[in-house]
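# Results of the structural survey
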Amino acid sequence: MLTMLKKLRKQKKLTQRELADALHISQTSVSKYERGESEPDIAMLIEMSDYFGITIDEFIRGEK
């Protein structure tokens, strides 16, 4: 899942800051999610999958 976040972010050519602003979270949170230091809660998973236009299952499994 964490690599999927970074992959999707880079596909959209977004910085961590831009993604954080779009999701209304800190850039530090995005960074920690991508490095595996923290995991998003279910509400954030829903918001991220909606933002990228994929299902939570695709997001978690890394399929797109």
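Refer to the preceding data block for the structure.
Keep in mind it's a predicted model, so treat the numbers as computed, not measured.

Another aspect to go through is unusual backbone geometry. Non-glycine residue Lys13 carries a positive phi angle of around 55°. Its place among the elements puts Lys13 in the loop between α1 (2–11) and α2 (16–23). For His24, which is not a glycine, the phi torsion comes out positive at approximately 60°. Within the secondary structure layout, His24 lies in the loop between α2 and α3 (27–35). Since its relative accessible area comes to 68%, His24 is described here as exposed.

Among the nonpolar cores identified, the biggest contains 16 residues, and Leu5, Leu19, Ile25, Met48, Phe52 and Phe59 are the most heavily contacted of them. The dominant element in this core, judged by the number of residues it contributes, is helix α4 (residues 42–52), at four residues. Beyond its immediate chain neighbours, meaning those up to four positions away, Phe52 contacts Leu5, Leu8, Arg9, Lys12, Leu19 and Phe59.

Calculation criteria
Residues numbered from 1 in each chain as written. Predicted model: local features only at pLDDT ≥ 70, side-chain atom pairs only at ≥ 80, totals over all residues. Heavy atoms only, no water. Helix = DSSP H or I, 4+ residues; strand = E, 2+ residues; numbered from the N terminus. Buried < 20%, exposed > 50% of the residue type's maximum accessible area, 1.4 Å probe, protein only. Core = buried A, V, L, I, M, F, W, Y, C linked by side-chain atoms within 4.5 Å. Contact = heavy atoms within 4.5 Å.

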